[in-house]
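Examination of the molecular architecture
In case you want the letters, here they are:
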Amino acid sequence: MGNEIFILKITDAVYIGDYTLRLTFNNGEQRLCDFLPLAQKGICTKLQDMDYFKSFRLDPFTVDWNNEIGFAPEYLYEISTAA
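A brief structural summary.

Calculation criteria
- Residues numbered from 1 in each chain as written.
- Predicted model: local features only at pLDDT ≥ 70, side-chain atom pairs only at ≥ 80, totals over all residues.
- Heavy atoms only, no water.
- Pairing = 2+ DSSP bridges.
- Helix = DSSP H or I, 4+ residues; strand = E, 2+ residues; numbered from the N terminus.
- Core = buried A, V, L, I, M, F, W, Y, C linked by side-chain atoms within 4.5 Å.
- Buried < 20%, exposed > 50% of the residue type's maximum accessible area, 1.4 Å probe, protein only.
- Contact = heavy atoms within 4.5 Å.
- Lys, Arg positive; Asp, Glu negative; His and termini not counted.
- Salt bridge = Lys/Arg side-chain N within 4 Å of Asp/Glu carboxyl O.

Taken in spatial order, the four strands make up an open sheet running β1-β2-β3-β7, and their pairing is antiparallel. Taken across any chain shown, the strands that pair with only one partner, and hence form the sheet edges, are β1 (10-17) and β7 (81-82). Where β1 lies against strand β2 (residues 20-25), six bridges are found, and the strand directions are antiparallel. Bridge pairing in β2 places Ala13 opposite Leu23.

A word on the nonpolar core. Core analysis: the biggest nonpolar cluster contains 21 residues, and Leu23, Phe35, Leu47, Trp65 and Phe71 have the highest contact counts within it. Listing elements by their share of this core, those giving two or more residues are β1, β2, α1 (50-53) and β5 (63-65). Ranked by residues supplied to this core, first place goes to β2 with three residues. Beyond its immediate chain neighbours, meaning those up to four positions away, Phe71 contacts Phe35, Leu38, Cys44, Leu47, Thr62, Val63, Trp65 and Leu76.

The next thing to look at is the side chain of Asp64. Relative to the helices and strands, Asp64 is located in strand β5. Of the side chains bearing the opposite charge, Arg57 lies closest to the buried Asp64, which forms no salt bridge; the N-O distance is 8.2 Å. Once residues within four sequence positions are removed from consideration, Asp64 is found in contact with Phe56, Arg57, Asp59 and Ile69.

In structure tokens:
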């Protein structure tokens, strides 16, 4: 039973302001993630539209924008800071 794999997931996301979300992970941590640096290239430039940015939803693992843009929860954990 000691070989269970822990899969990091985002269980809650709250818009804080600008391009920042407070993310709650299933390890109990809350972290602040600034998405503006991510919104500078490719399809992610859609995130610069504030109405689009605020339209995020949670899928079973992470934050998602219209099934077009999503980031691995591990990546969001790495680039975010403790809340």
